[in-house]
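Each chain is listed here by its residues.
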Amino acid sequence: MLDTNRMTDLDKTDVLQGTLALMILTTLDAMGPMHGYGLARRIEQMSDHAIALNQGTLYPALVRLEQQGWIRGKWGTSDNNRRAKFYGLTSLGRRQLESEATRWLRIAGIVERFLGPVRGRS
Amino acid sequence: MTRWRILWARVAEFVRSGPVDRDLRDELDAHLDLATDDYIRRGIPASEARRLARRDFGGESGLEHTREAMRDRRGLRGLDTVLQDVRYAGRLLRKTPGFTIAAVATLALGLGANVAIFSLVNGVLLRPLPYPQPDRLVTIWESVSNPKDGPTRIAVAPANFVDYVARTRSFAAMAGVARLGRNLAGVGTPERLIGDEVTEGYFATLGVAPFLGRSFVADDYAEGANQVVILFQDLWQRRFGGDPALVGRSITLDDRPYRVVGIMPKGVTGLTFQDEMDPPGLVTPAVFPADILSNRQDHEIRVAARLRPGVPVDAARDEMASLSAAMAAEFPGAKNTTTGLEALGADQAREVRPLLVALVAAVGLVLLVAAVNVASLLVVRSNARRREIAVRFAMGATRARVMRELMTQSVVLAILGLGAGLVFGIWAKDLLVALAPPSLPHLDAIRLDGRVLVATSAAAALTCLVFGSLPAWQVSRTRPVDALRASERTVSASWVRRSRSLLVTAEVALSMLLLVGAGLMVRSLIELNRRDLGFDPAPVVAATVGLPPARYRTPDARLAFFEALATRVASLPGVEKVAFASRFPLRGGWTSGFLLEPVSGPIEEAFQQAGFQAVSPGYFATLGIPLRAGRLLEAGDREGNLPVAVVSEEFSRAILGGANPIGRTFSRGPSAPIITIVGVVGDIRRGGRATPVDAQVYLPAAQTSLYPARLSEIAVRTNRDAGALASAIPAEVWAIDGGQPVTNVRSLAETLELGLAERYFQTFLFLLFAGLALALALVGVYGVMAYIVSQRAREIGLRMALGADHGRILRWVVGQMAWLVTAGTLSGLGAGLLLSRSITQLLFGVTPSDPASYVAAAAMLVASALAASYLAARRAIRIDPVSALR
């Protein structure tokens, strides 16, 4: 029982992980260095709150991206004078974003072509 | 690429794991603070804002989850848990020193035995030949077929060898080697050494040239050329102190000067073939006289060859086979001769291979029994931890995590066992080398090297898998809910009993297998020792005196030397009888063809074979060979009188079909003297107990024209200790001729022992391994019996309370074990019948299914197993019914 539950949990996160990474990279590209809380809020806003992001999932994703060398975290001070860790895109991350975005758009285009007739029927 | 970057980042994080932990905690705190600020800015009271910030994160569990997820991502989380598991396993093992010591000692015993046997196999079987590309070297031999013994391997005729060199294409080089004893005189005490005569292809075959001086050149092989010699490193160092100036100087071999033209480099020994133990000290060019090169019946050289690059062994063998078929058609004299070809390294190890393979199997079985024993201990142990493990499941530990922890414990045990096993193994290996018969090749090369370490570690890993998987499997089938229930105790107890019973049955079966092997070896030894030699080796001391042909040119000169020596030796204290001969039994000997009169049909087909020795009249009395009919050889049987011979009983049976041989005549060839048989003596096994009885012909040593075999040995029958004579005989030799090396001075009984040493060695090892396995199995039987008794304490108490007497209880308890032991013994017996065929080559005089060995092994096993379970069961009857039932 326990094991099965865990398994599906993991599956969900894994699916999310790829898109979440792309969202983080895009946001950082557009907004410049941000801290985790700001990123969470920004992603919620951008998605019109369609993604009620479990804020917990953001941080492991950040760790991953930093290990991949696509973003780099640095401690700094926030607008309201709080110490926070700010993440910025690295040049490697910027290149990665370009190729990821292209790939994503291509896939989205393909999927849309498939979905077109379905929509037309309904 | 990315994967490497992540790994690198993780390693870096692992190295500074302290700050990273704090870093991620701070980061989450900052997040909460920022979120709280946001809520406050929207007009929510501070305490409520804090709560909402935490809620957005999924509450305390969400925070913990995130922290855990980040920690998992960060650093070497896997290594962390491994270290944690190792530390935990170490703590558990320290807490139960009794269990740990028992398990580690058991494993060390099994692995140590493996270390010793692996070292032996590594040194003897896997050692490469000391030449470049050793796998390209092959040996070629010839075989003759006779109806009685089938094909027999013999040396190669030089006349054929010349054709093999000229008419084959598979070989880059081919070397013919004739082994000679050489007397080295002139520096220090005279010494008898092995000096091979070699053909021109020798050094090309080795693939190594002298490092000082030169190889032999074509001129060295011309008849009448200067005598030249090339020394191997060992002899050069030992006798000449490694003096480089020796090259170009002369040394004295067999009373003739030989010029040293080269020294072979260190580590390169001369070629040895199958049954040759020692490499030569030096080599000289082989010059074959014309009469040898025209006689295809004269088999006297060994042949090695280096394959041309890219030519497989099988292709070379096929080429040799078709060549020898072609030659058989061309030369009628060679019609019975075929050739064989084998990789040289494999061929050298051919004799010992079956023994070593059997030893590896035996020692593997011992290790398996050890592993099963440890498995049995672990099953009890992991069962005792069942509740703890169930609680861990309930707390959310995954099954994989718990199994990994249990496996870690097994691995830690295996590593401890491996360490202890290596220490024990080094000692056991030295013991093994000390006990090993000198006939095992390359004993000096037996040492613990990387290969042995790898093999032993692999064995330890396999062992670990055997004993570690059972407890892990036990956990894998545990349902957390059940484990926590009280009733589970009895269920798991029966599971433990069942698995331990199965394990003990396996142990008994494996021990049975080894006991059967040992039993067959012991039976072989008994059979062998029961065989009659036909002579009495115990009181006879023999010595070899290799008279150099240069000084003792004629047979009469050699006869005169030995007659003088016999007279002197006869007067030594303690000497009862003295004799000299071409060879004494157990020390080699000659076989010759002869023509029984009257000859009918074509002469080539009339030749028959028998052992031929030239002997002095005292030969039979010295060896204790009885006279059966006619007369023995006498002092009067000398040159000029009637040529006579004495034959063995087997000669009458095999050659004459049982007819009386006395008065019959034969010759050694169409133009040789006619010899009359005057007596019949008892049969002997010339080569020792394991050899068959062959027809023997004894010719008088004093009738020197009858037989060219050189007189070279003297023997005495003594009533004293052999040791005194061993030094007295050489002294008498040197009193006559100071330059003569005297070799191989020992009693025939000692030679007999040496010949049997390998058999004793293998029997000893099999007994040892069977004993080890049996001891381990008995420990297992005792442990399981004790476990059954402790589990059944209530039942036993109840039965006793109901009036069952002690005998009944004992029978009932031991009876349970008797089933397991019987099952194990029977499966071992069945496996023995199947597998013992593979050691047929190691047996003598018994079949692999010899009933006596099986019955003895089974009886011993059942008796000792029942004794062990009785000892454990005695505790059962000491159970106090009242306390057991409470």
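Criteria and thresholds
- Residues numbered from 1 in each chain as written.
- Chains lettered and ligands numbered in written order.
- Predicted model: local features only at pLDDT ≥ 70, side-chain atom pairs only at ≥ 80, totals over all residues.
- Heavy atoms only, no water.
- Contact = heavy atoms within 4.5 Å.
- Buried area = accessible area lost by both parts, 1.4 Å probe.
- Salt bridge = Lys/Arg side-chain N within 4 Å of Asp/Glu carboxyl O.
- pLDDT = per-residue confidence, 0-100.
- Buried < 20%, exposed > 50% of the residue type's maximum accessible area, 1.4 Å probe, protein only.
- Helix = DSSP H or I, 4+ residues; strand = E, 2+ residues; numbered from the N terminus.
- Pairing = 2+ DSSP bridges.
- Patch = residues over 30% accessible without salt bridge, like charges linked within 9 Å, V, L, I, M, F, W, Y side chains within 5 Å.
- Areas by Shrake-Rupley, 256 points an atom, 1.4 Å probe, with all protein chains shown as cover.

K.L.:
Sorry, what's going on with the interface of chain B and chain A here?
P.N.:
One widely used convention gives an interface's size as the accessible area the parts lose upon coming together. In this assembly, 29 residues from chain B lie in contact with 32 residues from chain A. Taken together, the two surfaces of chain B and chain A that pack against each other cover about 2,600 Å², and 53% of this comes from carbon and sulfur. In terms of surface lost to chain A, no three residues of chain B exceed Glu27, Leu34 and Arg73 of chain B, which account for 25% of the buried area on that side. Across the chain B-chain A interface, the total number found is three salt bridges.

K.L.:
Help me understand the confidence of the model for chain B, please; the structure alone is not making it clear to me.
P.N.:
Do not read the predicted coordinates in detail wherever pLDDT is low. Averaged over every residue, the pLDDT of chain B is 85; the share at 70 or more is 93%. The ipTM value of the predicted complex is 0.80, and its pTM value is 0.72.

K.L.:
I would appreciate a short explanation of the pairing of strand S20 (residues 696-700) of chain B in the present structure.
P.N.:
Residues and elements named next belong to chain B. The element S20 is extensively covered by neighbouring structure, given that five of its five residues are classed as buried. Residues Gln696, Tyr698 and Pro700 point to one face of S20 and Val697 and Leu699 to the other, with burial holding for every one of them. Direction of pairing for strand S15 (residues 608-615) relative to S20: parallel, over a ladder of five bridges. Bridged to glycine 611 within S20 is glutamine 696. Across two bridges, strand S17 (residues 644-648) lies against S20 in antiparallel orientation. Residue pairing across strands places valine 647 opposite valine 697, the latter belonging to S20.

K.L.:
Explanation requested: helix H22 (residues 649-656) of chain B in the structure shown.
P.N.:
Since the α-helix advances by 3.6 residues per turn, residues separated by three or four positions end up pointing in the same direction. All buried positions along H22 of chain B are accounted for by Glu650, Phe651, Ser652, Ile655 and Leu656 of chain B. Elements that come into contact with the buried residues of H22 of chain B comprise strand S14 (590-596), S15, S17, strand S19 (675-681) and S20 of chain B.

K.L.:
Would you mind going over the pattern of salt bridges with me for this structure?
P.N.:
When their charged atoms lie close together, side chains carrying opposite charge are able to pair. Residue and element names in this part refer to chain B. Tallied over the entire structure, the rule returns 39 salt bridges over all chains. Residues glutamate 191 and arginine 238 are paired through a salt bridge, measuring 2.9 Å at the closest nitrogen-oxygen approach. Residue glutamate 191 is found in strand S4 (residues 191-198), and its partner arginine 238 is found in helix H9 (residues 233-240); the two are separated by 47 residues along the sequence. Looking at glutamate 191, the relative accessible area reads 16%, which means it is buried. The salt bridge partner of arginine 530 is glutamate 527, with a shortest N-O separation of 3.0 Å. In this pair, arginine 530 and glutamate 527 are both assigned in helix H18 (residues 488-530), three residues apart and thus about one turn of the helix distant. Under the relative-accessibility criterion, arginine 530 is labelled exposed at 59%.

K.L.:
Quick question: what am I supposed to make of a nonpolar patch on the surface here?
P.N.:
Residues and elements named next belong to chain A. On the surface, Ile107, Ile110, Val111, Phe114 and Leu115 cluster together into a nonpolar patch covering about 450 Å² of accessible area. Position of isoleucine 107 among the secondary structure elements: in helix H4 (residues 91-121). Residue class for isoleucine 107 comes out partly exposed when judged on its relative accessible area of 36%.

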